[in-house]
Amino acid sequence: MNNNPINYNLERKLRRYAISDLMKYITIGQGIVYILLYIWPSLGRMVYSMITLSRGALLRGQIWRLITFVFAPPSASPIFVLFVLYFYYMIGSSLERRWGKVKFNLYYGVGMVCAWLACLITGYATNTYLNLSLFFAFAAMFPNEEVYLFGILPIKMKYLALVDVLIYAQQFIVGGSSARVTIILCLLNVILFLGGDLMHTIRRESQYWKTRYNFRKTMRR
C-alpha cells in the first residue's frame, strides 16, 4: 500500500539532502558512546552529558544536542544493547529499502522534531520512543515477517509490535510528563506516515482471526 505523505516533486528536491544508510550511522554512534561508557566511564559520562537533549542546555546555546541526542545509547547490559542496536539497524535498513531514503529520513526527522517539542514542553526528552516507533512502522508493512529473538526463537513482527504497545502503555502510565508527551508526539508521527498501513493491517488481522474463529466454531458442530 502506498501511504506516502510527500509528493513526488518534494521527494525529488529532498533527495540530494537525504542520508543513505541513516540507521547505520545512528547505531554506530550509539555503539561508540556505549563502549565509552562501558570501558572508560568518566569520559563516557562526560560525552553522554554533552549529547543528551535538555531544554536548559538548548537555551544556553548548545544546539548541537538537537542532533546528537540520537546517539545516546540504551541503558542496559552489553548483550542486550548489542541485540537492540542490531534490531534498530535491521528494521531501519528494511524501512529505507521499502520507502526510499527520502521518506525514511523524513520519518526519522519528524520523529526528532517531536522529541524537540517534548523537550521544550517538559524540559527533557530522549530518543527511546522515536526508535521504538520504528517497530510500529516495520510491523505495519511486514506483519508476518519472522525475526529470530536472541538468534534462536522465531517470532513474527506483529507480535513484537504488541510488546511495543505494552511498553508504550506501561511507560505512559508510570513515566513522567516528558515520557507521556514524547509518546503522544511519536505516535502522531506514526499515524502521519503509517495510518493507512496500520488500518490495512488491523483489518486484515481482524478478518484472519474472525475466519479462524468461525472455522473452529463450525468444526465443533
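It should be emphasised that the depicted structure is a prediction, and the values quoted were computed from it without experimental measurement. (Residues numbered from 1 in each chain as written. Predicted model: local features only at pLDDT ≥ 70, side-chain atom pairs only at ≥ 80, totals over all residues. Heavy atoms only, no water.)

A few words on the environment of E11. Locating E11 in the fold gives a position in helix α1 (residues 8–14). For E11, a relative accessible area of 13% puts it in the buried group. Spatially, the C-alpha atom of E11 lies 9.7 Å from that of G100, the residues being 89 residues apart in sequence. (Helix = DSSP H or I, 4+ residues; strand = E, 2+ residues; numbered from the N terminus. Buried < 20%, exposed > 50% of the residue type's maximum accessible area, 1.4 Å probe, protein only.)

Below, the discussion takes up unusual backbone geometry. Although it is not a glycine, D21 adopts a positive phi angle of roughly 55°. Topologically, D21 is positioned in the loop between α1 and α2 (22–39).

This brings us to the packing of α2 against helix α7 (residues 101–122). Closest axis-to-axis distance for the α2/α7 pair is 10 Å, and the angle between their directions is 40°. Taken together, the axes of α2 and α7 lie oblique to each other. On the side of α2, the interface is formed by L22, M23 and I26, while α7 contributes F104, N105 and Y108. Its residues placed into classes, the contact of α2 with α7 shows five nonpolar, one polar and no charged. (Axes fitted to C-alpha atoms, helices over the stretch in contact; angles between N-to-C directions. Parallel < 35°, antiparallel > 145°, perpendicular 65-115°, else oblique. Contact = heavy atoms within 4.5 Å. Nonpolar A, V, L, I, M, F, W, Y, C, P; charged D, E, K, R; others polar.)

Turning our eyes to something else, we now look at the packing of α2 against helix α3 (residues 41–51). Packing of α2 against α3 leaves a shortest axis separation of 6 Å and a crossing angle of 140°. In terms of orientation, α2 lies oblique with respect to α3. In this structure, the crossing between α2 and α3 has a hand that is left-handed. In this structure, α2 uses V33, L36, L37, Y38 and I39 to contact α3, whose residues at the interface are P41, L43, G44, R45, V47, Y48 and I51. (Left-handed = near helix turned anticlockwise from the far one by under 90°.)

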